[in-house]
Amino acid sequence: MPEPQRRRWQERFSEWFDWVLERAEVYDYGRYPVKGMGVWMPYGFSIRRNVLELLRRLLDETGHDEVLFPLLIPDFLLAKEGEHIKGFEDEVYWVTRGGLEELDQKLALRPTSETPITYYESLWIQSYKQLPRKFYQVVSVFRYETKATRPLIRVREISMFKEAHTVHESFEDAERQVMEAIDVYKKFFDSLGISYVISRRPDWDKFAGALYTIAFDTVLPDGRTLQIGTVHNLGQNFTKAFSFRIHTRDEKYDYPWQTSYGVSDRVVATLIAVHGDDMGLVLPSNIAPTQAIIIPIPSQSEDEMRKVLEYSRRALSALLEAGIRAKLDDRSDTTPGDKYYYWDAKGVPVRVEVGPREAASETLTLVRRDTLRRTSVHLREAAEAVKKLLSEIDSNLAERARKFMSSHITRASSIEEARKAIEERKGIVELPWCGSEECANKVMQELNVKTLGTPWPPERAEGVCPVCGRPAVTYMRYSRQY
Ligand code: A5A
Ligand code: ZN
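Residues numbered from 1 in each chain as written. Chains lettered and ligands numbered in written order. Predicted model: local features only at pLDDT ≥ 70, side-chain atom pairs only at ≥ 80, totals over all residues. Heavy atoms only, no water.

Novice: Just to check I follow, could you spell out the site of ligand 1 for this structure?
Specialist: Within the structure, ligand 1 sits among 21 residues, and T112, E114, E145, Q227 and T230 are positioned closest to it. Here a nitrogen atom of ligand 1 and a side-chain polar atom of E114 are 2.7 Å apart. Contact between ligand 1 and V155: a nitrogen atom at 2.9 Å from a main-chain N or O atom of the residue. Protein coverage of the free-state accessible area of ligand 1, which is 580 Å², stands at 96%. Among the elements that take part in the shell around ligand 1, strand β11 (residues 225–235) stands out by supplying five residues, more than any other. (Near = heavy atom within 4 Å. Polar contact = N/O pair within 3.5 Å; in protein donor to acceptor, adjacent residues only side chain to side chain. Areas by Shrake-Rupley, 256 points an atom, 1.4 Å probe, with all protein chains shown as cover. Helix = DSSP H or I, 4+ residues; strand = E, 2+ residues; numbered from the N terminus.)

Encoded structure:
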C-alpha cells in the first residue's frame, strides 16, 4: 500500500474499524439492544474458528486438556479469594431470579473461571503425582465494562475467551508454566503476523488475585496500545482460599501452585486492525477462509464465455487438489469489478483472474491482495505459484506489522522527550525507572498515559529516573491505551 493512503485511514481508525467489520461481514455490532454484545456473522465466525484452531493446536501440543465449566458461579464461590472478588465486584452481572422466584443464592455470570475451576481441581487432585494439570476452555465470559465499549476490543460479552488454568506441585513448576504459556502465545501471535511487546505489569495493575501478570500489548494504527493476552502466576492464593491441599513429593501436605492465561476476541480485532487497508481486510493465509478466489472475466461471445467458465473450473480443481482453499465466483448477475470489490473487502489473499486470453493460453493472472501486484503463470505451475504467493504475503504482512510496531516504541530519557514521542509518534515510550509508584504516577499524569509495565524478560536500565533523579533499576513503559 502506498503510505499516504495508509496514513489516511490510520487517522480515522475507529471509524474505519467499524466500517470494515460491517463491510466484510465479520461482526454485527451496535444493533443488538444490549450494549457491548455483538454477533459473529458467518464470515467472521470462519475467521474466529481458524484462529482458535491454531491456538488449540498449540495448547494440545503442550499437554493442555480442553474442558467446559458452568457459566453460573454462586456468589460464595466467586467471593472465596478476597483480592479476586475485590477486583471484579464492579464488573459482575448477577442472576437473582429464576422464573417468578427470588433466588436464595445469587448467581454470577462468570467474569473468568478461576473459582469454579479451582473448586473442581480440589475435588479431582489429591497428589503431586497427578500434577501438572493443564486445562483450557473457550467460552463466553461477561464483564460489565464501564470504559467505552467497542466491537471485539472492549465488549461486555467476551465470546471468544480462551482461558487456560494450570496446577503445579511447586512454585518453580508454576514459573516454568508461565514461560511455556508465554512461548505458546508468542508462537500464536507470530503465526498471525501480529507484533507485540511483553511486559510485566506493575503491581498496581496486575490481575486480581495474581502474584504477578505478564502481558502482551500491541500498537493499533491510531497509536494506542491494546492488551491482547495475559499470563498470570496465581501463586497459592486460590488454592489456599479453597483449602485445596495435596500430598507433596516429600510426604507433606501443602497447597499447590497455579497459573492462568487468556486471550479473547481482541486477537481477531488486532488481526483486522494491523493488516487491513483502505479496501478492507487483508488476511494471512492460515486464517483466510478463502485463500484464492477465481473470478471469470465475461466475454461477448457465448462460446468464449463457456470456455472461460470451463477453464475456470479446471483452475479451481488444480488449486483444490493442491490443498489450497480456493473458490470460484461464477455468479452471472455480478460484474467482475463488483466481485473484486467484494472479495478484496473480505481480505482474500490471492485473486485469480480468468479471461478469454488466459483460457486460450492456459495461463492464470494472479493478483496479491497486500500489494495488488499482478503476475501471470501457466496452469501447470499455478498451485505452486499460489502457495508461494501466500507465503510471501504472510511474510510481508508480518514484516509490515513488525516495522510499524518498532517505529512506535521510543526510548526516552526525559519527560519532555517522552512527551514529544507520545504526541508525535504515538505508541509506547520507555523511560528509566527507579521502581517507585509515585514516580510512575507523576509520568502518567504529566503525559496523560498509563503504565504497561517493565520489559520482560527483565532489562537493566542506563541512567536515572527522570522524575526523582535516583538511579534507574529498569525501564517503565507508558502509552495511551484501549
Ligand atoms: N483468567 C485470566 C486468564 C483472565 O481473565 N485474564 S484477563 O482478565 O487479563 O483477561 C484475559 C484477556 O482477555 C486480556 O488479556 C484481554 O486481552 C482480554 N479481555 C479482557 N477484557 C476484555 C473485554 N472487555 N473485551 C475483550 N477482551 C477482553
Ligand atoms: Zn523515581
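Novice: Explanation requested: a nonpolar patch on the surface in the structure shown.
Specialist: A cluster of nonpolar side chains, contributed by Y119, Y120, L123 and W124, occupies part of the molecular surface with about 370 Å² of accessible area. Position of Y119 among the secondary structure elements: in helix α6 (residues 114–124). The class for Y119 is partly exposed, based on a relative accessible area of 34%. (Patch = residues over 30% accessible without salt bridge, like charges linked within 9 Å, V, L, I, M, F, W, Y side chains within 5 Å. Salt bridge = Lys/Arg side-chain N within 4 Å of Asp/Glu carboxyl O. Buried < 20%, exposed > 50% of the residue type's maximum accessible area, 1.4 Å probe, protein only.)

Novice: Please clarify how helix α3 (residues 42–61) should be interpreted in this entry.
Specialist: Note: α-helices contain 3.6 residues per turn, so residues at a spacing of three or four share the same orientation. End to end, α3 covers 28 Å across 20 residues, agreeing with the expected 28 Å (1.5 Å per residue, within 8%). Among the residues of α3, Y43, G44, S46, I47, R48, N50, V51, L52, L54, L55, L58 and L59 are the ones counted as buried. For α3, the elements touching its buried residues are β2 (38–40), β7 (133–142), β8 (157–168), α7 (171–191), β14 (257–263) and α9 (266–275). Positive phi appears at G63, one or two residues downstream of α3, with a value of about 80°. (Expected span 1.5 Å × (residues − 1). Contact = heavy atoms within 4.5 Å.)

Novice: So what exactly am I meant to see when it comes to the coordination of the zinc ion (ligand 2) here?
Specialist: The protein atoms donating to the zinc ion (ligand 2) are C434 (SG), C439 (SG), C465 (SG) and C468 (SG), with metal-donor distances spanning 2.3 to 2.4 Å. Taking relative accessible area as the criterion, C468 reaches 34% and is therefore assigned partly exposed. (Donors = N, O, S within 2.8 Å, 3.2 Å for Na, K, Ca; no water.)

Novice: When you look at the packing of aromatic side chains in this model, what are you seeing that I'm missing?
Specialist: Aromatic ring pairs are defined here through the distance separating the ring centres and the angle between the ring planes. Under the definition given, this model contains 22 aromatic pairs. Between Y27 and W40 the ring centres are 5.3 Å apart and the planes differ by 70°, which places this aromatic pair in the edge-to-face class. Here W40 lies in strand β2 and Y27 lies in strand β1 (residues 27–29), a separation of 13 residues in the sequence. Measuring from ring centre to ring centre gives 5.4 Å for Y120 and W124, while their planes differ by 45°; the resulting arrangement is tilted. Here the residue Y120 and the residue W124 both occupy positions in helix α6, the gap between them amounting to four residues, near one helical turn. By relative accessible area, which is 31% here, Y120 ends up partly exposed. Among the aromatic side chains, those forming a connected cluster through ring pairs are Y185, F188, F189, Y196, F216 and Y261. Across from the ring centre of F242, 5.4 Å away, lies the NZ or CZ of K80, which sits over that ring. (Phe/Tyr/Trp six-rings, centres within 6.5 Å; stacked < 30°, edge-to-face > 60°. Lys NZ or Arg CZ within 6 Å of the ring centre and 35° of its normal.)

Novice: What is the right way to read unusual backbone geometry from this model?
Specialist: The omega angle of the peptide bond from L131 to P132 is 0°, so this bond is cis rather than trans. With omega at -5°, the peptide bond leading from W456 into P457 counts as cis. Tracing the sequence through the fold places P457 in the loop between β22 (450–455) and β23 (474–479). Even without a glycine there, the phi angle at K426 is positive, about 65°. Note that K426 resides in the loop between α14 (415–424) and β21 (428–433). Classification of K426 as partly exposed rests on a relative accessible area of 39%. A positive phi is found at N448, a non-glycine position, where the angle reads about 55°.

Novice: Just to check I follow, could you spell out the nonpolar core for this structure?
Specialist: General note: in soluble globular proteins, nonpolar side chains tend to be found buried as a group. Core analysis: the largest hydrophobic core is formed by 66 residues, its most contacted members being I47, V51, F188, F189 and I272. Counting residues per element, this core draws most heavily on α3, at eight residues. Once you skip the residues sitting within four places of it in the chain, F189 turns out to touch I194, Y196, F216, I228, V263 and V267. Core analysis: the next-biggest nonpolar cluster, separate from the first, contains 28 residues, Y311, A315, L364 and L366 among them. (Core = buried A, V, L, I, M, F, W, Y, C linked by side-chain atoms within 4.5 Å.)

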